[in-house]
Each structure stands twice: as C-alpha cells, then as structure tokens.
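Coordinate inspection notes
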Amino acid sequence: MRTEVTTKELMACVMARDLEDGLGVPVGANLPVPRAAVLLAHLMHGPNMLVLLSWTRANLVDVPELRPFEFITDWRAAQWGESYWAHDEGFLNMKQRANWIFYVGGIQIDRFGNSNLFGVGDDHSRLKFRGPGGVGTGNMAAFTNRYYLYSQTHNPRIFVPKVDFVSALGWGDGPGTREKWHIPGGGPRYCYTPLGVFDFEPETKRMRVKSIHPGVTLDDVVKATGFELVIPDDVPFTPEPTDEELEILRTRVDPTGMLRS
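The text that follows walks through the structure, step by step, so that each part is easy to find. (Residues numbered from 1 in each chain as written. Predicted model: local features only at pLDDT ≥ 70, side-chain atom pairs only at ≥ 80, totals over all residues. Heavy atoms only, no water.)

Re unusual backbone geometry
Positive phi outside glycine occurs at H182, with the angle close to 60°. Turning to its location among the elements, H182 is positioned in the loop between α5 (177-180) and β12 (188-192). With a phi angle near 65°, K205 is a residue other than glycine that sits in the positive phi range. Here K205 shows up in the loop between β13 (196-200) and β14 (207-212). Judged by relative accessible area, K205 falls into the buried class, the value being 19%. (Helix = DSSP H or I, 4+ residues; strand = E, 2+ residues; numbered from the N terminus. Buried < 20%, exposed > 50% of the residue type's maximum accessible area, 1.4 Å probe, protein only.)

Next comes the structure, spelled out in structure tokens:
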C-alpha cells in the first residue's frame, strides 16, 4: 500500500507528463519540484532529452539513483556529466534552441503570465523588495517555443493583476503583445502552483483554471488569487500520480524524500 502523496509529488508528476522526448531542459537552482519533474520525464519517457545539470549535459537513464543537490553551482551533479556547457551560453544563444523549455518563478505573476523577478515597488531605484533579477529568463521567455510558470506559494501577494516589472514576458497586455514587439517565442503554457494547474485562454490570454489539486476547492483558488481568473464551467481535479510514477520518483529521482518534507 503506497503512502500518502504530497502536493510536491503530485505537482512533479503532472509537470513531467507534459514534457516530451527530445526537449532541451536546463534544470535550474532552488526549484526542486520542476527539477524532479524534468528528471522523472527523462527517466520515464524522455531518453533523448538534453538535461543540463550544474553546467554539464547529462543522460541519466542508466543512473540507478540520483543524489540530491540544491544549487546550480553544486558540483555533485557533475558526476553524471557527459560534456560541459558555459552557463551564459544557455541564455545568450536561445535563437538556436527553440526546442528548449524552462521553468520560471516570480515574486509577482500577473493575469497574463508575466513574471517579475526584479523587485516590488513603483521606483526601480528605491524598491520596497528586491528580487534576484532576471538571470537570463528574459531571453529564454523570448525565444523558446514554450515555457512554464511555477510558484511554491499561491497568494494575492504573488498573483497580482499587473506585475511592477517584467523580467520574463508572458502574454504582455494580452493578445497581440508579443507580435507587436516581434517576440518570436510561444509564451507560457501552464502555471503550476500548490493549488492547481492554470493555462491561458487562447482568445484573451488571461490565466484560466485548468485543474485544481485534490483537497482544494475552487473557492480556495479564487481567494488566493489577486485577480479574476477565467473559470470554465467544469473544473476537474488534477490526476493523481500513478504507481509507476511514484515508484520512479521515490526510488530514483527523490530517494531522500525532499518532496515529502
């Protein structure tokens, strides 16, 4: 009998299902759930994915157990490296990497999927709260065919009507923004949070509820969001992990239980 599934495990499994074989995926720092999702997809159905860990390219299909690491500078991950890549290369040459995807968080995320990692405040020179900066995510958001938003917290402070600054462009001010500015990439596909999965309505580009996680109510989601979401007539629950997904996640991807803490 399997033990109770945590929200982090649920999120990792549902995120992994949307990643196909052949993608290039940089596995960034301080995002343990997206990192687990990438590795789970690679081991389950993506043997030809280009996985980039700690400035190395790696294929991990035959690695029996992945030891945990926290930061992109944690060189323990390099033990599986097949080749080296310069960190800035991944951000500067995105025109040649349209088949890459990536995950980005934000201290603010708005209804059109724009993400802010710069800071909070009206004046950039006197921010009320300073974030880590764009860290190359502007290029990634501009040139990749698609990318994903991720937040470990879902509340009105993060999910705001309009971000104070844009570090990773989503759908801008709505339909036509990316075309107006000649931004070639496909924009954000989904936004994953501890409450549910969200996509963007094709006509308006506004954030829409795709599914809510088991144990969460639609009212919970509405109260935790600082703008009006598009809500379909029928909102399903996020499908729970399969036994196979949990087995690989717990024994190979996350053997120390970081996603269960």
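Resuming the write-up.
Quick look at the side chain of R146
Tracing the backbone through its elements, the reader meets R146 in the loop between α4 (137-143) and β10 (147-150). By relative accessible area, R146 is classed as buried at 12%. A polar contact is formed between the side chain of R146 and the side chain of E20, at a distance of 2.8 Å. Apart from the residues lying within four places of it in its own chain, the contact partners of R146 are D18, L19, E20, L23, W100, I101, F102, G186, G187 and R189. (Polar contact = N/O pair within 3.5 Å; in protein donor to acceptor, adjacent residues only side chain to side chain. Contact = heavy atoms within 4.5 Å.)

Digging into the sheet that holds strand β6 (residues 108-110)
Strands sit in the order β7-β6-β11 across an open sheet of three strands; the sheet is mixed. The sheet is open, and its two borders are formed by β7 (115-116) and β11 (159-160), each paired with just one other strand. Bridge count between β6 and β11: two bridges; the pairing is parallel. Bridged to I109 within β11 is F159. (Pairing = 2+ DSSP bridges.)

Some thoughts on the packing of aromatic side chains
In this structure the tally under the stated criterion is five aromatic pairs. Here a set of aromatic residues connected by ring pairs shows up, and it is made of Y103, Y148, Y190 and Y192. Cation over ring: K205 sits above W171, and NZ or CZ is 4.0 Å from the ring centre. (Phe/Tyr/Trp six-rings, centres within 6.5 Å; stacked < 30°, edge-to-face > 60°. Lys NZ or Arg CZ within 6 Å of the ring centre and 35° of its normal.)

What to know about the pairing of β13
Counting buried positions over the five residues of β13 gives five, a clear majority of the element. Neither face of β13 is left uncovered, since the one carrying G196, F198 and F200 and the one carrying V197 and D199 both have all their residues buried. Of the pairings in the sheet, the one linking β12 to β13 comprises two bridges and is antiparallel in character. Following the sheet pairing, C191 is matched in β13 by F198. Linking two consecutive strands that pair antiparallel, namely β12 and β13, is a turn of three residues.

Considering the sheet that holds strand β5 (residues 103-104)
Each strand in a sheet pairs with its neighbour through backbone hydrogen bonds, running either in the same direction (parallel) or in the opposite one (antiparallel). Spatial ordering of the open sheet is given by β5-β10-β12-β13-β14, a layout of five strands whose pairing is mixed. Two strands lie at the open edges of the sheet, namely β5 and β14, each paired on one side alone. Where β10 meets β12, four bridges bridge the pair, whose relative direction is parallel. Across the sheet, Y148 pairs through a bridge with Y190, a residue of β12. Against the sheet, helix α1 (residues 7-16) contacts β5, β10, β12 and β13, and its axis sits at roughly 165° relative to β12. (Axes fitted to C-alpha atoms, helices over the stretch in contact; angles between N-to-C directions.)

Concerning the packing of α1 against helix α7 (residues 243-253)
Remark: α1 packs on α7, axes separated minimally by 11 Å, with the N-to-C direction vectors making an angle of 110°. As judged from the angle between their axes, α1 and α7 are roughly perpendicular. Every pair of crossing elements has a handedness; the one defined by α1 and α7 is right-handed. On the side of α1, the interface is formed by E9, A12 and C13, while α7 contributes E245, L246, L249 and R250. Class assignment of the residues belonging to the contact of α1 with α7 gives a composition of four nonpolar, no polar and three charged. (Parallel < 35°, antiparallel > 145°, perpendicular 65-115°, else oblique. Left-handed = near helix turned anticlockwise from the far one by under 90°. Nonpolar A, V, L, I, M, F, W, Y, C, P; charged D, E, K, R; others polar.)

Brief notes about the pattern of salt bridges
For the coordinates displayed, the defined rule picks out eight salt bridges. Between E20 and R146 there is a salt bridge; the shortest N-O distance is 2.8 Å. With E20 in the loop between α1 and β1 (24-26) and R146 in the loop between α4 and β10, the pair connects residues that are 126 residues apart, well separated along the chain. In the salt-bridge network here, residues are joined through shared partners; they are E9, R250 and R260. (Salt bridge = Lys/Arg side-chain N within 4 Å of Asp/Glu carboxyl O.)

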